[in-house]
Amino acid sequence: MKVNAAFIFVAPEVDSKIHRTVVDTPAVELHVVGVKNYKEGVEVAKEMADAGVKAIELCAGFGNEGTAMVAKAVRGKASVGSVKFDFHPGFDFKSGDELFQE
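Residues numbered from 1 in each chain as written. Predicted model: local features only at pLDDT ≥ 70, side-chain atom pairs only at ≥ 80, totals over all residues. Heavy atoms only, no water.

### Comments concerning the environment of V28
Logical step 1: Residue position: V28 is located in strand β3 (residues 28–35).
Logical step 2: Take V28: its relative accessible area is 30%, and that puts it in the partly exposed class.
Logical step 3: Placed 13 residues apart in sequence, V28 and G41 show a C-alpha to C-alpha distance of 21 Å.
Logical step 4: Excluding residues that lie within four positions of it along the chain, V28 makes contacts with K2, V3 and V23. (Helix = DSSP H or I, 4+ residues; strand = E, 2+ residues; numbered from the N terminus. Buried < 20%, exposed > 50% of the residue type's maximum accessible area, 1.4 Å probe, protein only. Contact = heavy atoms within 4.5 Å.)

### Digging into the sheet that holds β3
Logical step 1: Strand order in this open sheet of 5 strands is β2-β3-β1-β4-β5, and the pairing throughout is mixed. Whereas interior strands pair on both sides, the edge strands pair on one side only; in this sheet they are β2 (20–24) and β5 (79–82). When strand polarity is set aside, the average angle formed by the axes of neighbouring strands in this sheet is 20°.
Logical step 2: Where β2 meets β3, 5 bridges bridge the pair, whose relative direction is antiparallel. (Pairing = 2+ DSSP bridges. Axes fitted to C-alpha atoms, helices over the stretch in contact; angles between N-to-C directions.)

### Considerations on helix α2 (residues 64–74)
Logical step 1: For α2, the full list of buried residues reads G66, T67, V70 and V74. The buried side chains of α2 occupy one side of the element, clustering within an arc of 100° when seen end-on. More than 90 degrees from the buried face of α2, the exposed residues found are N64 and K72.
Logical step 2: Against α1 (38–50), β4 (55–58), β5 and α3 (96–99) lie the buried residues of α2.
Logical step 3: G76 occupies a position one or two residues after α2 and carries a positive phi of about 90°. (Arc of directions from axis to C-beta.)

Read these as layout, nothing more, since geometry by itself doesn't imply function.
Set out below in structure tokens:
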């Protein structure tokens, strides 16, 4: 059975409509989507879950609160996991919880 999964990353100045791609292998169809904040992350996660994605992994830019927001939004439709940094080195050692909630 082929795994239908998504990886969502958060970064400034990202447009989720154009910063996306699909990596299709014999075993995995992976949707990679960039979002500009947690709100957009929730919207994209719902879109992915509604399209049949069963596993959503969030980049380390999603802090504890961002991960919880996405998990709650897709509960019952998709499993959510996350890469974890308490303070992300790519964001001057700040948490996404400080940077991407709007």
